[in-house]
Amino acid sequence: MTTHERPLGSVLDTVGRTPLVAVQAAPDEVSVYAKLESFNPGASVKDRIGKYMLEAMLDRGELEPGGTVIEPTAGNTGIGFALAAGQLDVDAVFVVPERFSVEKQQLMRALGAEVINTPTEDGMERAIDRAYELADELDDAVVPQQFGNPLNAEAHYETTAPEIYEALDGQVGAIVAGCGTAGTLMGMAQYAREQDPDTYVAAVEPEGSLYSEFEGAHPDEDEYKIEGIGTHDTDTNELFDPTLVDDVVQVSDRAAHAEVSRLAGEEGQLVASSAAAASIAAQGVADRIASGEIDAPYDTVVTVFPDSSERYLSKGIYRSFEEWEG
Ligand code: PMP
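All values reported here derive from a predicted model rather than from experimental measurement.

Strand order in the open sheet formed by 6 strands is 1-2-10-7-8-9, with mixed pairing between adjacent strands. The open sheet has two edge strands, strand 1 (20-22) and strand 9 (247-251), and neither has a second partner. Along the sheet, successive strands turn relative to each other by an average axial angle of 25°, direction set aside. Where strand 1 lies against strand 2 (residues 31-36), 3 bridges are found, and the strand directions are antiparallel. Bridge pairing links Ala-22 to Tyr-33 in strand 2.

Right under this line is the structure:
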């Protein structure tokens with residue numbers, strides 16, 4: 001089920017159906033499996049929402065063919081939307097603060113998107129405001145707004161989760177995933193709880209992020225290096241529903257950095273820091289199931305590895321911790 005054995009008409013048809021692979025460092029008693037999202041054509045989990053959200057907005061008439069999608073995004077989401085937009089006759093514009101990865105911006109442009117930079121010092125808030133200003137100026141433009149759009153979680157409810165349950169014949173004891181927008185975890189958690197309300201659900205965030213104190217304060221600076229997960233402004237993360245989550249696991253930059261190298265060296269997994277954080281948290285949940293501390297319906301933990309380390313080589317992901325941390 002993880003391969004596409006018949007010829008396909010478009011690269012968009014290769015989104016999803018990614019492999020589910022064992023994490024070998026898991027304890028003997030409990031299996032841990034990771035969904036390898038770098039197998040998507042734009043090499044990240046965000047290809048799923050790019051395709052799903054644009055197709056849904058076109059179906060509903062919220063967006064017309066020939067219209068424009070405008071999203072403030074620093075990374076993988078832009079690539080996912082650009083890829084889908086290019087194949088669905090939609091123009092794509094991304095508003096990106098200058099400091100974000102040049103590689104990702106190059107890929108968005110290569111896929112036909114326009115990238116507009118905003119000054120680094122104005123933060124993501126300015127990029128968001130600019131996206132809405134641009135949408136007001138154009139006739140048929142929409143801002144999907146992945147942080148507040150239920151279609152984001154729905155993409156994972158409709159695709160990622162069923163793929164996992166099919167691969168494991170429904171025997172899923174725990175779901176563990178990093179939270180950026182929280183779309184990936186929320187879509188999977190909702191599906192999992194419908195299959196079995198006792199399924200254990202853990203969110204993963206970097207130390208210094210605020211999902212674990214959802215009503216918490218709003219420090220305005222990134223205090224961690226792990227990319228793609230965590231929040232500093234719980235107000236903008238409208239998708240995160242604490243009632244679907246049993247635990248929020250925090251992972252340090254140092255532990256994630258070490259796990260990135262371990263996964264490459266020992267398991268041949270070329271994944272980035274958010275995947276490494278998910279791997280550590282999933283192994284921790286597996287240990288707690290093995291010890292009887294967590295009572296999960298099956299001895300199987302599933303997590304998601306959102307993208308590949310190749311996207312972060314220039315940021316020193318395989319260099320020493322001090323060099324990576326900058
Ligand atoms: N890891 C990486 C590398 C990401 O780009 C993202 C998306 N921000 C995530 C994890 C988290 O996914 P989600 O937004 O669905 O919570």
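This part covers the confidence of the model for the chain. Any residue range with low pLDDT should be treated as having predicted coordinates unsuitable for detailed reading. Predicted confidence across the chain gives a mean pLDDT of 92, with 95% of residues reaching 70 or more. Confidence over residues 215-221 falls short of pLDDT 50; this stretch has 6 contacts with residues more than four positions distant or in other chains. Interface predicted TM-score (ipTM) for the complex: 0.99; the corresponding pTM is 0.95.

Turning our attention to the site of the ligand. Close contacts around the ligand come from 16 residues, with Gly-180, Thr-181, Thr-184, Gly-228 and Ser-274 the closest. In the shell around the ligand, the residues fall into 5 nonpolar, 9 polar and 2 charged.

For helix 6 (residues 183-195), with 13 residues, the first-to-last C-alpha span of 19 Å sits near the 18 Å given by 1.5 Å per residue. Here the buried face of helix 6 lies against helix 1 (46-59), helix 5 (150-167), strand 7 (174-178), strand 8 (200-206) and strand 10 (300-305).

Remark: helix 2 (residues 76-87) packs on helix 3 (residues 102-110), axes separated minimally by 9 Å, with the N-to-C direction vectors making an angle of 10°. Taken together, the axis directions place helix 2 and helix 3 in an arrangement best described as roughly parallel. Every residue of helix 3 that contacts helix 2 at Gly-78, Ile-79 and Ala-82 is listed here: Lys-104, Leu-107 and Met-108. Classifying every residue of the contact of helix 2 with helix 3 by side-chain character gives 4 nonpolar, 1 polar and 1 charged.

Time to look at the sheet that holds strand 5 (residues 114-118). On the basis of which strands lie adjacent, the open sheet formed by 4 strands has the order 5-4-3-6 and parallel pairing. Both edges of this open sheet fall to strand 5 and strand 6 (141-142), since each of them pairs with a single strand only. Sheet topology note: the strand 3 (residues 68-72)/strand 6 ladder contains 2 bridges and is parallel. Within strand 6, the residue paired with Val-69 across the bridge is Val-142.

By secondary structure assignment, the location of Ser-320 is in the loop between strand 10 and helix 9 (321-325). Accessibility expressed as a C-beta count within 10 Å gives 9 for Ser-320, which makes it exposed. Along the primary structure Ser-320 and Glu-310 are separated by 10 residues, whereas in three dimensions their C-alpha atoms are 16 Å apart.

What counts and how
- Residues numbered from 1 in each chain as written.
- Predicted model: local features only at pLDDT ≥ 70, side-chain atom pairs only at ≥ 80, totals over all residues.
- Pairing = 2+ DSSP bridges.
- Helix = DSSP H or I, 4+ residues; strand = E, 2+ residues; numbered from the N terminus.
- Axes fitted to C-alpha atoms, helices over the stretch in contact; angles between N-to-C directions.
- pLDDT = per-residue confidence, 0-100.
- Contact = placed C-beta atoms within 7 Å.
- Near = placed C-beta within 6 Å.
- Nonpolar A, V, L, I, M, F, W, Y, C, P; charged D, E, K, R; others polar.
- Expected span 1.5 Å × (residues − 1).
- Parallel < 35°, antiparallel > 145°, perpendicular 65-115°, else oblique.
- Buried ≥ 20, exposed ≤ 12 C-beta atoms within 10 Å, placed from the backbone.

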